[in-house]
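Understanding the architecture of this molecule
If you want the building blocks of each chain, they are given just below.
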Amino acid sequence: MNDGNMIQEPPACPVCGLAVEERDPRRGKPLSIHRACRNRRREELRKERERGRRMSQESLLMASRNDVAEAAAELRRRVAWRNEAVGPADHGTVELCYWSVRCMAALMRLEPETLMAYEDRWTVDLARSIGRKGMDRIAGLTGWRGPRPWTMDPAMTDTGEDHTLEGMWPEPGPGVDDEWRADLDHDDGAGPRAVDMDRIIEGIWAEDHRGRNGADHGWLFLFNRKLRF
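What you see is a predicted model; the values in this text were computed from it and never measured.

A closer look at the pattern of salt bridges
Per the counting criterion, the structure on display carries 10 salt bridges. Glu-43 is the partner of Arg-46 in a salt bridge, and the nearest nitrogen-oxygen pair spans 2.4 Å. With a gap of 3 residues between them, Arg-46 and Glu-43 both fall in helix α1 (residues 35–110), about one helical turn apart. Arg-46 gets classed as partly exposed once you look at its relative accessible area, which sits at 37%. Exposure remark for Glu-43: the relative accessible area of 33% places this residue in the partly exposed category.

Below, the structure is given as structure tokens:
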């Protein structure tokens with residue numbers, strides 16, 4: 001039997017399954033796949049790769065969205081925890097300033113010699129915490145006639161110690177998580193701000209003169225009604 005005289009069957013196209021009668025124009029060898037099928041196969045592979053990349057991008061996007069949602073939820077929790085801790089602390093700072101003014105007014109009334117001597121550590125620290133402007137205002141309201149040694153204190157500042165209120169931050173809501181800047185911007189009045197000692201002094205003055213019990217005035221009550229403020 002002469003194998004060289006045997007007729008070889010053309011290969012079957014792996015795409016369509018039909019016999020491939022086409023030959024390579026340069027080498028003359030039969031092709032293993034139709035040219036049209038090869039082009040179609042390339043297009044199918046390209047679309048498959050594109051579909052794989054798209055699915056991968058969508059998967060990453062969903063993961064990113066989940067990360068953003070989790071981060072936003074964590075931010076809301078932490079802001080709530082922060083406000084929960086800051087509220088009592090700020091209240092305590094205001095209370096400290098309030099009673100500092102009350103104590104100084106009482107000191108001017110009851111122990112003026114101690115203040116004029118300006119040697120007692122507690123008295124000096126109390127005056128420095130209130131500040132030069134606050135001390136002058138209290139002295140004016142109480143009718144102080146003695147010397148003002150706090151004006152010569154080199155450690156005294158105009159506004160006193162730094163009594164800073166941290167303030168409450170607005171909690172981020174849905175849809176504004178990427179725009180929340182309450183820790184940086186305080187246009188709405190939130191965030192750190194100093195205690196206004198003048199406002200506290202004026203508030204105490206109002207309490208002592210327009211309180212619920214008109215006969216129960218505090219140490220800022222002036223017996224000289226001709227003085228105006």
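Once the structure has been displayed, the description carries forward.
Here we look at the environment of Glu-171
Within the element layout of this structure, Glu-171 appears in the loop between β1 (164–165) and β2 (193–194). Here the alpha-carbon distance between Glu-171 and Asn-83, two residues 88 residues apart in the chain, equals 9.1 Å.

Let's talk about the confidence of the model for the protein
Mean pLDDT over the protein works out to 79, with 79% of the residues at or above the 70 mark. Segment residues 221–229: pLDDT under 50, and 18 contacts once partners within four positions in sequence are set aside and those in other chains are kept.

Details of the packing of aromatic side chains
For the coordinates displayed, the defined rule picks out 2 aromatic pairs. Between the aromatic rings of Tyr-98 and Trp-99, the centroid separation amounts to 5.1 Å while the plane-to-plane angle is 85°, which identifies the pairing as edge-to-face.

Things to note about the environment of Asn-83
By the element assignment, Asn-83 lies in helix α1. With 84 residues separating them in the primary sequence, Asn-83 and Gly-167 have C-alpha atoms 7.9 Å apart. Discounting chain neighbours no more than four positions away, the residues touching Asn-83 are Gly-167, Met-168, Trp-169 and Glu-171.

Details of the packing of α1 against helix α3 (residues 121–130)
α3 packs onto α1 with a crossing angle of 125° between their chain directions and a minimal axis gap of 10 Å. With respect to each other, α1 and α3 are oriented oblique. The two elements α1 and α3 meet at a crossing, and its hand is left-handed. For the pair α1 and α3, contact is made by Ser-100, Val-101, Cys-103, Met-104 and Leu-107 and by Trp-122, Thr-123, Leu-126, Ala-127, Ser-129 and Ile-130, respectively.

Calculation rules
Residues numbered from 1 in each chain as written. Predicted model: local features only at pLDDT ≥ 70, side-chain atom pairs only at ≥ 80, totals over all residues. Heavy atoms only, no water. Salt bridge = Lys/Arg side-chain N within 4 Å of Asp/Glu carboxyl O. Helix = DSSP H or I, 4+ residues; strand = E, 2+ residues; numbered from the N terminus. Buried < 20%, exposed > 50% of the residue type's maximum accessible area, 1.4 Å probe, protein only. pLDDT = per-residue confidence, 0-100. Contact = heavy atoms within 4.5 Å. Phe/Tyr/Trp six-rings, centres within 6.5 Å; stacked < 30°, edge-to-face > 60°. Axes fitted to C-alpha atoms, helices over the stretch in contact; angles between N-to-C directions. Parallel < 35°, antiparallel > 145°, perpendicular 65-115°, else oblique. Left-handed = near helix turned anticlockwise from the far one by under 90°.

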